[in-house]
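In case you want the letters, here they are:
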Amino acid sequence: MEKILRGIIRYRATTRKQMVKEFEQVRDNPHPKAVFFTCMDSRMIPTRFTETHVGDMFIVRNAGNLIPHAHNFQDEYFTCEPAGLELGCVVNDIRHIVICGHSDCKAMNLLYQLRNPEFASLDNRRISPLRAWLYSHANSSLQTFLKWHQSGGKDPLIFSSETPLRKVVAYIDPENHFAIEDKLSQVNTLQQMANIASYGFLKRRLETHDLHIHALWFDIYTGDIYFFSRAAKRFLQVDEATVERLLEEVDRYYS
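Keep in mind that this is a model prediction, so the values were computed, not measured.

## Observations concerning a positive patch on the surface
Among the surface-exposed residues, Arg12, Arg16, Lys17 and Lys21 lie close enough to one another that they form a single positively charged patch. Here the element with the most residues in the positive patch is helix H2 (residues 16-26); it accounts for three residues. Looking at the secondary structure, you find Arg12 in helix H1 (residues 2-13).

## With respect to the packing of helix H5 (residues 106-113) against helix H9 (residues 180-197)
Two elements in contact, H5 and H9, have axes whose closest approach is 9 Å; the angle formed by their N-to-C orientations is 100°. By the angle between their directions, the pair H5 and H9 is classed as roughly perpendicular. Contacts from Met108, Asn109, Leu111 and Tyr112 of H5 reach H9 at Ile180, Glu181, Leu184, Ser185 and Asn188. The class makeup of the residues in the contact of H5 with H9 is five nonpolar, three polar and one charged.

## Observations regarding the domain arrangement of the chain
Once the domains are mapped, the chain shows domain 1 (1-29) and domain 2 (31-253). A separation of 30 Å is found between the C-alpha centroids of domain 1 and domain 2. Taken residue by residue, the interface counts five residues in domain 1 and four residues in domain 2. When the two sides are added together, the surface that domain 1 and domain 2 hide from each other amounts to roughly 400 Å², 59% of it contributed by carbon and sulfur. When the buried area of domain 1 at its contact with domain 2 is split by residue, Glu22, Val26 and Asn29 rank highest and sum to 83% of it. Between domain 1 and domain 2 we count zero salt bridges in total. Linking domain 1 with domain 2 are one residue pair in polar contact (both at pLDDT 80 or more). Across the side of domain 1 that touches domain 2, the residue classes break down as three nonpolar, one polar and one charged.

## Quick look at the UniProt feature "binding site: Zn(2+)" (unreviewed entry) in the chain
If you check UniProt for "binding site: Zn(2+)" (unreviewed entry), the listed places come out as Cys39, Asp41, His102 and Cys105 in our numbering. Separation in sequence by 67 residues is not matched in space for these annotated residues, since their most distant C-alpha atoms are only 9.1 Å apart. Tracing the sequence through the fold places Cys39 in strand E1 (residues 34-39). For Cys39, a relative accessible area of 4% gives the class buried.

## Here we look at the packing of helix H8 (residues 139-150) against H9
One can describe the packing of H8 onto H9 by two numbers: an axis separation of 9 Å at closest approach and a directional angle of 125°. Accordingly, the angle class assigned to the pair H8 and H9 is oblique. Seen along the crossing, H8 lies across H9 with a hand that is right-handed. Mapping the contact onto sequence places Ser140, Ser141, Leu142, Thr144, Phe145, Trp148 and His149 in H8 and Ile180, Lys183, Leu184, Val187, Asn188, Gln191 and Gln192 in H9. Tallied by class, the residues present in the contact of H8 with H9 amount to six nonpolar, seven polar and one charged.

Conventions used here
- Sequence positions are assigned chain by chain, starting from 1 and proceeding in written order.
- Whole-chain, interface and lining totals are the exception, using all residues; otherwise, since this is a predicted model, local features are given only for residues with pLDDT of at least 70 and side-chain atom pairs are given and counted only at 80 or more.
- Based on all heavy atoms of the structure, the side-chain values leave hydrogens and waters out of the count.
- Only residues whose relative accessible area exceeds 30% and that form no salt bridge are eligible for patches; like-charged ones are grouped when within 9 Å, while nonpolar side chains (Val, Leu, Ile, Met, Phe, Trp, Tyr) are grouped when within 5 Å.
- Shrake-Rupley sampling with a 1.4 Å probe provides the accessible areas, and residues are treated as covered by the protein chains on show and by no other component.
- Any Lys or Arg side-chain nitrogen found within 4 Å of a carboxyl oxygen on Asp or Glu counts as a salt bridge.
- Positive charges come from Lys and Arg, negative ones from Asp and Glu, while His and the chain ends are left out of the count.
- In plain terms, the charge of a residue is placed at NZ if it is Lys, CZ if Arg, CG if Asp and CD if Glu.
- Put simply, DSSP H or I for four residues or longer makes a helix, DSSP E for two residues or longer makes a strand, and each gets a number counted from the N terminus.
- The axes are straight lines fitted to the C-alpha atoms, using for helices just the contacting stretch, and the angles between their N-to-C directions are given from 0 to 180°.
- Should an angle fall under 35 degrees it is called roughly parallel, over 145 degrees roughly antiparallel, and 65 to 115 degrees roughly perpendicular, with every other angle called oblique.
- Contacts are assigned to residue pairs with any non-hydrogen atoms lying within 4.5 Å of each other.
- Ten residue types, Ala, Val, Leu, Ile, Met, Phe, Trp, Tyr, Cys and Pro, are classed as nonpolar, four, Asp, Glu, Lys and Arg, as charged, and the remainder, Gly among them, as polar.
- Note that the domain bounds reflect an automated or database-derived domain assignment.
- By buried area we mean the combined loss of accessible area, with a 1.4 Å probe, across both parts when two parts are placed together.
- A 3.5 Å cut-off defines polar contacts: any pair of N or O atoms within that distance qualifies, except that in protein one atom must be a possible hydrogen donor and the other a possible acceptor, and neighbouring residues in sequence count only when both atoms are side-chain atoms.
- UniProt positions are given in the numbering used here, feature names are shortened, and annotations may be inferred rather than shown by experiment.
- For every residue, the accessible area obtained with a 1.4 Å probe (protein chains only) is divided by the maximum for its type, and the residue is called buried under 20%, exposed over 50%, and partly exposed between those limits.
- It is the rotation of the near helix from the far one that decides the hand of a crossing: anticlockwise by less than a right angle makes it left-handed, clockwise makes it right-handed.

Rendered as structure tokens:
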């Protein structure tokens with residue numbers, strides 16, 4: 001708490017005035033451009049590595065950057081993730097949804113351990129909210145990954161995206177650069193596209209290409225950010241050599 005409270009004092013002396021100016025500019029009429037789902041990991045600071053500011057994004061964070069599939073819910077039993085989608089994309093008419101996974105994700109490391117039936121047993125899930133959360137809402141990612149990995153890990157995976165007919169073909173880490181849990185994290189990030197599209201209140205906008213889903217992946221050890229390119233069928237590093245190509249792809253696929 002000392003670090004937090006002294007940080008507030010430094011904020012008051014440094015960036016507070018600038019932030020208040022930004023608050024005043026967007027106070028009554030903000031125009032956020034994206035709903036950004038990412039992990040709660042303390043190393044993930046999305047406003048810093050995207051250089052976004054006050055009013056630019058809605059940010060939803062949880063263990064494993066998950067958006068539970070709509071089939072998990074009935075009547076009043078919902079979590080904050082679909083509420084965030086509704087608030088952002090229906091109430092505020094935001095057109096872009098971003099899912100951002102990352103390397104060395106502790107939630108994904110634990111998800112990988114859930115391939116062990118004893119570790120994933122009902123008794124163990126009852127005493128671990130984190131295991132229960134991952135088992136309930138990321139098991140589809142795990143099963144997709146395990147089937148792919150057991151078959152050699154070379155073939156492309158196919159994910160649903162904005163609509164059942166709009167598929168995403170993905171080669172996962174073809175250079176074999178990342179750890180096995182990081183490969184799972186990338187699979188999980190892409191799986192969330194289908195989960196997002198499962199919600200009926202987004203259906204019309206997704207079908208008419210008025211709402212778009214994107215996937216990012218952050219390597220916390222190098223600071224590199226990867227964008228999933230539907231044209232290249234893989235995560236591509238965002239840098240000076242690729243950014244214009246990626247922007248052209250976004251215009252082509254999502255305009």
